[in-house]
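Summary of structural features
The residues making up each chain are set out below.
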Amino acid sequence: MTTQHSELQYLPADLQQELLPQHVAVIMDGNGRWAKRQGLPRIMGHKRGVDTLKDLLRCCKDWGIKALTAYAFSTENWKRPQEEVEFLMGLFQRVLRQELREMVEENVQIQFVGNLKALPTALQAEISRSMETTKNNQSIKFTVATNYGGRQEILQACRAIAQKVQAGVLKPEEISEELFESHLYTAGIADPDLLIRTSGEMRLSNFLLWQMAYGEIYITDTLWPDFDRKEFHRALCAYQQRERRFGKI
Ligand code: IPE
Ligand code: IPE
Ligand code: MG
């Protein structure tokens, strides 16, 4: 994380602390289009996207938001050209190694969700090290969804639960929402209050299907590398205006 002296270092006056989302999730989309518009290769968009994420994490911390979850790589993203996939895996590994010390200093707890076993082993090692090193940190819970798919997450939870039923340690009638959630990758992480998707696409792309049952969705045309504190401020202002009814009137 780089230190930035942003004009928005402190919570803007028009945002009320008590109306902020506790947990923000982001679908970081539009890196490729951003690069294309600059006449650059797609990977340059991914590199810039890392800077955006670092500042958003710092911003959440500065403004008192306790959890941030970012969609870094979906189970469908393996279908991209091999060079791009390899670049992304290498980028994740490098960034993780470079940023670990600062995350420790900033008291950030990092965790990864997704099918991590299918990632390159060097990246898996970096992931384990960062999760272990920061597990007791308190300032913000930063979750990175890598090789994550909402349907796969739900299926693996079903399998784990079915095995317990088969083994006789669980009765079908004991399967509650709470029990089910405790088998998801996100066990122990509260559902997001606000999901932001950049680049104008209006879909979930297999992200947090269970967890987003009642989360608010905010979509901006801004491409991810351009999503700065001003844009985040705008998203939070919009969120503050929402009335969350949860089925009530
Ligand atoms: C999001 O940006 C980053 C990842 C999916 C890893 P994209 O790479 O999807 O950018 P666009 O959508 O092609 O512009
Ligand atoms: C969603 O973006 C996945 C991530 C941001 C990691 P995509 O660019 O892969 O989504 P689609 O393909 O447009 O739905
Ligand atoms: Mg995209």
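Residues numbered from 1 in each chain as written. Chains lettered and ligands numbered in written order. Predicted model: local features only at pLDDT ≥ 70, side-chain atom pairs only at ≥ 80, totals over all residues. Heavy atoms only, no water.

A word on the sheet that holds strand 1 (residues 23-27). Strand order in the open sheet made by the six strands is 3-4-2-1-5-6, with parallel pairing throughout. Strands with a single pairing partner mark the edges of an open sheet, and in this sheet they are strand 3 (108-113) and strand 6 (216-219). Between one strand and the next, the sheet's axes are offset by a mean angle of 20 degrees, whatever the strand orientation. Sheet strands touched by helix 3 (residues 82-105): strand 2 (67-74), strand 3 and strand 4 (140-148). Its angle to strand 2, the strand with the most contacts, is close to 155 degrees. (Pairing = 2+ DSSP bridges. Helix = DSSP H or I, 4+ residues; strand = E, 2+ residues; numbered from the N terminus. Axes fitted to C-alpha atoms, helices over the stretch in contact; angles between N-to-C directions. Contact = heavy atoms within 4.5 Å.)

Once that is clear, we can look at the packing of helix 2 (residues 42-63) against helix 3. Across the interface, helix 2 lies against helix 3 with an axial gap of 11 Å and an inter-helix angle of 30 degrees. Between helix 2 and helix 3, the crossing angle belongs to the class labelled roughly parallel. Between helix 2 and helix 3 the crossing geometry is right-handed. Judged by residue contacts, Arg42, Ile43, His46, Lys47, Val50, Lys54 and Arg58 of helix 2 engage Glu84, Phe87, Leu88, Leu91, Val95, Glu99 and Glu102 from helix 3. Grouping the constituent residues of the contact of helix 2 with helix 3 by class yields six nonpolar, one polar and seven charged. (Parallel < 35°, antiparallel > 145°, perpendicular 65-115°, else oblique. Left-handed = near helix turned anticlockwise from the far one by under 90°. Nonpolar A, V, L, I, M, F, W, Y, C, P; charged D, E, K, R; others polar.)

Around ligand 1, the neighbouring residues are Met28, Asp29, Gly30, Asn31, Gly32, Arg33, Arg42, His46, Ala72, Asn77, Arg80 and Leu88. The separation between an oxygen atom of ligand 1 and a polar side-chain atom of aspartate 29 is 2.8 Å. Taking arginine 42, its side chain carries an N or O atom lying 2.8 Å from an oxygen atom of ligand 1. The fraction of the free accessible surface of ligand 1 (380 Å²) that becomes covered by protein chains is 86%. Those elements giving two or more residues to the shell around ligand 1 turn out to be helix 1 (31-37) and helix 2. The dominant element in the shell around ligand 1, judged by the number of residues it contributes, is helix 1, at three residues. Taken together, the residues of the shell around ligand 1 sort by class into three nonpolar, five polar and four charged. (Near = heavy atom within 4 Å. Polar contact = N/O pair within 3.5 Å; in protein donor to acceptor, adjacent residues only side chain to side chain. Areas by Shrake-Rupley, 256 points an atom, 1.4 Å probe, with all protein chains shown as cover.)

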